[in-house]
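# Analysis of the macromolecular model
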Amino acid sequence: MKVKVTEECISCGACVDICPEVFFLGDDGFAHVREDQAAKPELADKIREASAACPTEAIPIEE
Ligand code: SF4
């Protein structure tokens with residue numbers, strides 16, 4: 001699975017609450033992806049959940 005955070009991010013923190021293994025708020029205040037964690041199959045469902053919960057659809061996923 002490939003996942004990223006786009007510039008649509010409004011720093012709400014929802015993705016970090018749902019899947020802190022993969023998403024974190026950077027020094028710039030916006031969400032970022034830990035690529036090594038995002039590659040783990042066992043986290044795929046949580047990544048999908050975080051993507052669905054993002055209010056600005058800033059977390060596109062490539063399966
Ligand atoms: Fe940004 Fe979306 Fe994550 Fe909120 S849920 S911090 S808007 S990427």
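Remember, predicted model here, so these are calculated numbers, not experimental data. Every residue gets a number counted from 1 within its own chain, in the order that chain's sequence is written. Predicted model: local features are reported for residues with pLDDT of at least 70 only, side-chain atom pairs are reported and counted for 80 or more only, and whole-chain, interface and lining totals are derived from all residues. To get the side-chain values, all heavy atoms of the structure are used, and hydrogens and water are removed first.

## So, the pattern of salt bridges
Any Lys or Arg side-chain nitrogen located within 4 Å of an Asp or Glu carboxyl oxygen qualifies as a salt bridge. Per the counting criterion, the structure on display carries 3 salt bridges. For the salt bridge of Asp45 with Arg48, the shortest nitrogen-to-oxygen distance reads 2.8 Å. Of this pair, Asp45 and Arg48 both sit in helix 3 (residues 44-53), separated by 3 residues, roughly a single helical turn. You can call Arg48 partly exposed: its relative accessible area is 34%. Arg48 serves as the salt-bridge partner of Glu63, at 2.8 Å between the closest nitrogen and oxygen. Note that Glu63 is positioned in the segment after strand 4 (61-62) and Arg48 in helix 3, a separation of 15 residues in sequence. The class of Glu63 is exposed, set by a relative accessible area of 67%. Because the salt bridges share partners, they merge into one network encompassing Asp45, Arg48 and Glu63. Runs of E in the DSSP output that reach at least two residues are strands. Runs of H or I that reach at least four are helices, and both are numbered from the N terminus. Partly exposed describes any residue whose relative accessible area lies between the buried limit of under 20% and the exposed limit of over 50%, with all areas from a 1.4 Å probe on protein chains only and scaled to the type maximum.

That is the geometry; function is a separate question.
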